[in-house]
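# Chains, contacts and geometry: an overview
Here is what each chain is made of, one letter per residue.
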Amino acid sequence: MDELARHLSLRARQLGLADLPPADAPAETLAELARDTLHELIARGLLPDPDPQPGCWSAPRSGLH
């Protein structure tokens, strides 16, 4: 299992989702897992950061230097 899958499965367990079918899981809890997943994907550079901070490694480099 890769690091991202391990991290997401741990987070799902922390949120109490491990023993629930997705259809029975509370929408708010699923939304929290989805937000955490998107944050991880952005932090790993797998998705573009919609709000990059100056100096953040996930932000595209400026062509000015």
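Placed above this text is the structure.
Okay, so let's go over this structure. In this text, all values refer to a predicted model and were calculated from it rather than measured experimentally.

### Focus: the pattern of salt bridges
- Applying the stated criterion across every chain yields a total of four salt bridges.
- A salt bridge links Glu3 to Arg44, with the shortest nitrogen-to-oxygen separation between them at 3.7 Å. In this pair, Glu3 sits in helix 1 (residues 3-14) while Arg44 sits in the segment after helix 2 (27-43), placing the two residues 41 residues apart along the sequence.
- Classification of Glu3 by relative accessible area gives exposed; the value is 57%.
- Looking at Arg44, the relative accessible area reads 30%, which means it is partly exposed.
- Several salt bridges converge on common partners, so that one network encompasses Glu3, Glu40 and Arg44.

### Quick word on the side chain of Thr29
- Assignment of secondary structure puts Thr29 in helix 2.
- The residues contacting Thr29, other than those within four sequence positions of it, are Leu15 and Leu17.

### A closer look at helix 2
- Along its 17 residues, helix 2 runs 24 Å from first to last C-alpha, staying within 8% of the 24 Å computed at 1.5 Å per residue.
- Taken together, the buried positions of helix 2 are occupied by Thr29, Leu33, Leu41 and Ile42.
- Buried residues in helix 2 make contact with helix 1.
- Gly45, located one to two residues past helix 2, shows a positive phi value of around 80°.

Cut-offs applied
Residues numbered from 1 in each chain as written. Predicted model: local features only at pLDDT ≥ 70, side-chain atom pairs only at ≥ 80, totals over all residues. Heavy atoms only, no water. Salt bridge = Lys/Arg side-chain N within 4 Å of Asp/Glu carboxyl O. Helix = DSSP H or I, 4+ residues; strand = E, 2+ residues; numbered from the N terminus. Buried < 20%, exposed > 50% of the residue type's maximum accessible area, 1.4 Å probe, protein only. Contact = heavy atoms within 4.5 Å. Expected span 1.5 Å × (residues − 1).

Limitation: the analysis is restricted to geometry and does not speak to function.
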